Amino acid sequence: MTPDTPPLPGHLGQAPVRRTFSLLDIDLTGRVLARTHGAPTQLWELTAGGGRALTSLPTSCTGRFVPGHRAVVIEHDWGRGTTHQISLLNLVHTIIPSGLDGLHLLAHGAGVSHRLLDTHYRGVLYSASAPRANRIDLWFRDWFEGARCIRRDVPADLEGRVGNDGVTVATFSPARSEVGMTHLVSGSSRVVALPEGATPTGVYPDASTGAVLVSATHGGAHLTYAIDGQRAELAGVQAEGYVIPGGICPASAHMVTRAYAPPENLTLSGIDGEVILTWALPDPQCEVRAVWSPSGEHCAIEAGSVGWRVRLADGASEPLYSRSSSSASLR
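Values in this document were obtained by computation on a predicted structure and should not be read as measured data.

The rules behind each value
- Sequence positions are assigned chain by chain, starting from 1 and proceeding in written order.
- For this predicted model, a pLDDT threshold of at least 70 governs which residues receive local features, and a threshold of 80 or more governs which side-chain atom pairs are given and counted, while totals over whole chains, interfaces and linings are taken from all residues.
- To get the side-chain values, all heavy atoms of the structure are used, and hydrogens and water are removed first.
- The rule is simple: take the accessible area with a 1.4 Å probe, protein chains only, and divide by the maximum for that residue type; under 20% is buried, over 50% is exposed, in between is partly exposed.
- Put simply, DSSP marks the helices as runs of H or I at least four residues long and the strands as runs of E at least two long, and each gets a number from the N terminus on.
- The pairing criterion is simple: DSSP has to find at least two bridges between the two strands.
- The contact criterion used is simple: two residues touch if any of their non-hydrogen atoms lie within 4.5 Å.
- Note on method: axes are straight lines fitted to C-alpha atoms, helices fitted across the in-contact stretch only, with angles between N-to-C directions ranging 0 to 180 degrees.
- Put simply, buried Ala, Val, Leu, Ile, Met, Phe, Trp, Tyr and Cys residues joined by side-chain atoms within 4.5 Å make one nonpolar core.
- In the analysis that follows, any N or O atom pair within 3.5 Å is treated as a polar contact, provided that within protein one partner can donate a hydrogen and the other can accept it, and provided that, for residues neighboring in sequence, both atoms belong to side chains.
- When a carboxyl oxygen of Asp or Glu lies within 4 Å of a side-chain nitrogen of Lys or Arg, that pair is called a salt bridge.
- The predictor's confidence in any single residue is recorded as pLDDT, a number from 0 to 100.
- Defined by distance alone, a disulfide is two cysteine sulfur atoms within 2.5 Å.

A. Up close: the pairing of strand β18 (residues 212–218). Counting buried positions along β18 gives five out of seven residues, so the element sits mostly inside the fold. With six bridges connecting them, strand β17 (residues 199–205) and β18 associate as antiparallel partners. What sits directly across from Pro200, in β18, is Ala216. Taken together, β17 and the strand that follows it, β18, pair antiparallel across an intervening segment of six residues, in which Gly210 is found at a positive phi of about 85 degrees. Relative to strand β19 (residues 221–227), β18 runs antiparallel, the two sharing seven bridges. When the sheet's bridge partners are listed, Thr217 is paired in β19 with His222.

This is the structure in structure tokens:
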């Protein structure tokens, strides 16, 4: 997409779904995976033309698409206070919305609680907590080779992402000024320290360079670090706005930032700072986050009670949902 992309119209138009969601993922074609609000939370698939419920489970769940496949990996329990397990939902050969009988177990165990971190066309990244062992381990389940532990004794709040190459796993804990990296082929792992006092907020492996981009806060400032080797180098300081959660996409070298000062617009730009699109938030107090497709061709943005999707090829923005029947006032 070039800088002369036509500006957005005054509004996004009527949203096809009248409710609110938390956005979880977006696939290669622009379909968005979302979770409903209110217990029990269920999974929905959203498009510019509408949405449909994917699950009808007795308790809350969350999930991620499997890139390149019409399937969703779901974290859920079996009701009655059971521990969380991880299952696969085939969207082609299963009656939708699916109950527990439509799920195929991927990771489970008596007394072991699992937490889904990321999915890839090669497999699933998750953590497993075994109370008897008094520790939490990081696992990767390869679709063909099965599951293997790739790091032991990790923090309970660990977050992680698999690079598009399916080789690099980057992890972080908001409570620690460090980033962990694991090479799935060689099995090697290392931990790279961030500057003291830095709090990581997101990790983004860049398959094209082998580096890992890290968004972080430090002393009230929002920073971006690049890790290529054993050190974290400062890659940028967000002077006018900060990267929103999920806002960086190494595959397309783009990011979504939120302005510090009112009116706190959202801006889609290149990582080099070139501004492409800007939206006015419908509510200055709302929380925002973004999800990117693996190829970086699509981005979905959640801003309070409104959600929309952006196609980078032509800059088209399409509404996904809105709590009210009025048009979204994004521009």
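There is more to say after this.
B. Broad picture of the side chain of Asp25. When you line up the elements, Asp25 lands in strand β1 (residues 21–26). What makes Asp25 buried here is its relative accessible area of 6%. Leave out the neighbours within four places in its chain, and Asp25 touches Arg31, Val32, Leu33, Arg64, Phe65, Thr119 and Val291.

C. Region of interest: the sheet that holds strand β16 (residues 189–193). Spatially, four strands are ordered β13-β14-β15-β16 in an open sheet, and the strand pairing comes out antiparallel. Looking at strand neighbours, the two that pair on one side only are β13 (159–162) and β16, the edges of this open sheet. Strand-to-strand, the axes of this sheet are offset by a mean angle of 20 degrees, without reference to chain direction. For strand β14 (residues 168–172) and strand β15 (residues 178–183), the ladder comprises five bridges, and the chain directions are antiparallel.

D. A look at the nonpolar core. Membership of the largest hydrophobic core comes to 20 residues, with the highest contact counts inside it found for Leu266, Leu268, Trp279, Ile301 and Trp308. Listing elements by their share of this core, those giving two or more residues are β21 (241–249), β23 (266–270), β24 (275–279), β25 (288–292), β26 (298–303) and β27 (306–311). Setting aside residues no more than four positions away along its own chain, Leu266 makes contact with Ile244, Thr257, Arg258, Leu277, Thr278, Trp279, Leu281, Val288, Ile301 and Trp308. Of all hydrophobic cores here, the second largest spans 15 residues; its members include Phe172, Met181, Leu194 and Tyr225.

E. Region of the structure containing the side chain of Ser22. Here Ser22 shows up in strand β1. For Ser22, a relative accessible area of 15% corresponds to the buried category. Within the structure, Ser22 has its side chain in polar contact with the side chain of His37 (distance 3.0 Å). Apart from the residues within four sequence positions on either side, Ser22 is in contact with Leu33, Ala34, Arg35, His37 and Glu302.

F. Seen up close, the pattern of salt bridges. What the rule picks out here adds up to 15 salt bridges. Across the salt bridge formed by Arg176 and Glu178, the nearest N and O atoms sit 3.7 Å from each other. Given a relative accessible area of 26%, Glu178 falls into the partly exposed group. One network of salt bridges, in which partners are shared, links Arg309, Arg311, Asp314 and Glu318.

G. Focus on the sheet that holds strand β3 (residues 43–47). Ordered in space as β1-β2-β3-β4, the four strands form an open sheet in which the pairing is antiparallel. Unpaired on one side and paired on the other, β1 and β4 (50–53) mark the two borders of the sheet. Across this sheet, the average inter-strand angle for adjacent strands is 30 degrees, counted without regard to direction. Where β3 lies against β4, four bridges are found, and the strand directions are antiparallel.

H. Structural view of the confidence of the model for the chain. For the chain, the mean per-residue pLDDT works out to 88, and 92% of the residues sit at or above 70. In this model, residues 1–11 is a region of pLDDT below 50 whose contacts with residues beyond four sequence positions or in other chains number 24 contacts. Every residue in residues 325–331 scores below 50 in pLDDT, and together they form 27 contacts with partners more than four places removed in sequence or on other chains.

I. Representation of the state of the cysteines. Here the structure, examined in full by the defined rule, presents zero disulfides. No disulfide involves Cys249; its sulfur sits 8.0 Å from that of Cys299, the nearest cysteine. For Cys249, a relative accessible area of 4% corresponds to the buried category.

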